[in-house]
Amino acid sequence: MSCPAKLIAWGERIGVGCAALVRWQMDNRPHPGQGYRCCLGRQRLARQYGHERLEAACTRAMAIHSPTYRSVNPILASGTDRQPLPAKPTQTSLPLHENVRGPDDYH
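Residues numbered from 1 in each chain as written. Predicted model: local features only at pLDDT ≥ 70, side-chain atom pairs only at ≥ 80, totals over all residues. Heavy atoms only, no water.

A. Representation of helix H3 (residues 32–49). Between its first and last C-alpha atoms H3 spans 26 Å; for 18 residues at 1.5 Å apiece the expected length is 26 Å, and the two agree. Taken residue by residue, H3 has Gly 33, Gly 35, Cys 38, Cys 39, Gly 41, Arg 42, Gln 43, Leu 45 and Ala 46 as its buried positions. Check the buried side of H3 and you find it contacts helix H1 (3–14), helix H2 (16–28), helix H4 (51–63) and helix H5 (69–78). Once H3 ends, the next one or two residues include Gly 50, with phi positive near 100°. (Helix = DSSP H or I, 4+ residues; strand = E, 2+ residues; numbered from the N terminus. Expected span 1.5 Å × (residues − 1). Buried < 20%, exposed > 50% of the residue type's maximum accessible area, 1.4 Å probe, protein only. Contact = heavy atoms within 4.5 Å.)

Okay, here's the thing in structure tokens:
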């Protein structure tokens, strides 16, 4: 098993969020060594904070589109991983407003 495969398998054992973050690191770094180092940093965070908290932090980092060590570490240090993720706002239709044009205004 290659090193990236081992790191991805480790991330999958932690959880879905961690696995997604490890895959992102492996796919989006210009040099493989950078992705390895980031993942090794996450392994250190897992030993320090535990698997459950690391998974929550990775899930939050992926939700805010910032899957970097610089995002995950402060999430864990501040305890933000223990708070629920904010609900995504849902808007089913455009609000009615006098400045919104209708289909008759376009040719």
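Moving on from the model shown.
B. Fine view of the pattern of salt bridges. On inspection of all chains with the given rule, the structure shows 2 salt bridges. With its nearest N and O atoms 2.3 Å apart, the salt bridge here joins Glu 12 to Arg 23. Separated by 11 residues along the polypeptide, Glu 12 in helix H1 and Arg 23 in helix H2 bring together distant segments of the chain. According to the relative accessible area criterion, Glu 12 is partly exposed, its value standing at 45%. On the accessibility criterion, Arg 23 (34% relative accessible area) is partly exposed. With its nearest N and O atoms 2.8 Å apart, the salt bridge here joins Asp 81 to Arg 53. One end of the pair, Asp 81, is in the segment after H5; the other, Arg 53, is in helix H4, with 28 residues separating them in the sequence. The pair Asp 81 / Arg 53 is uniform in exposure class, with both members buried. (Salt bridge = Lys/Arg side-chain N within 4 Å of Asp/Glu carboxyl O.)

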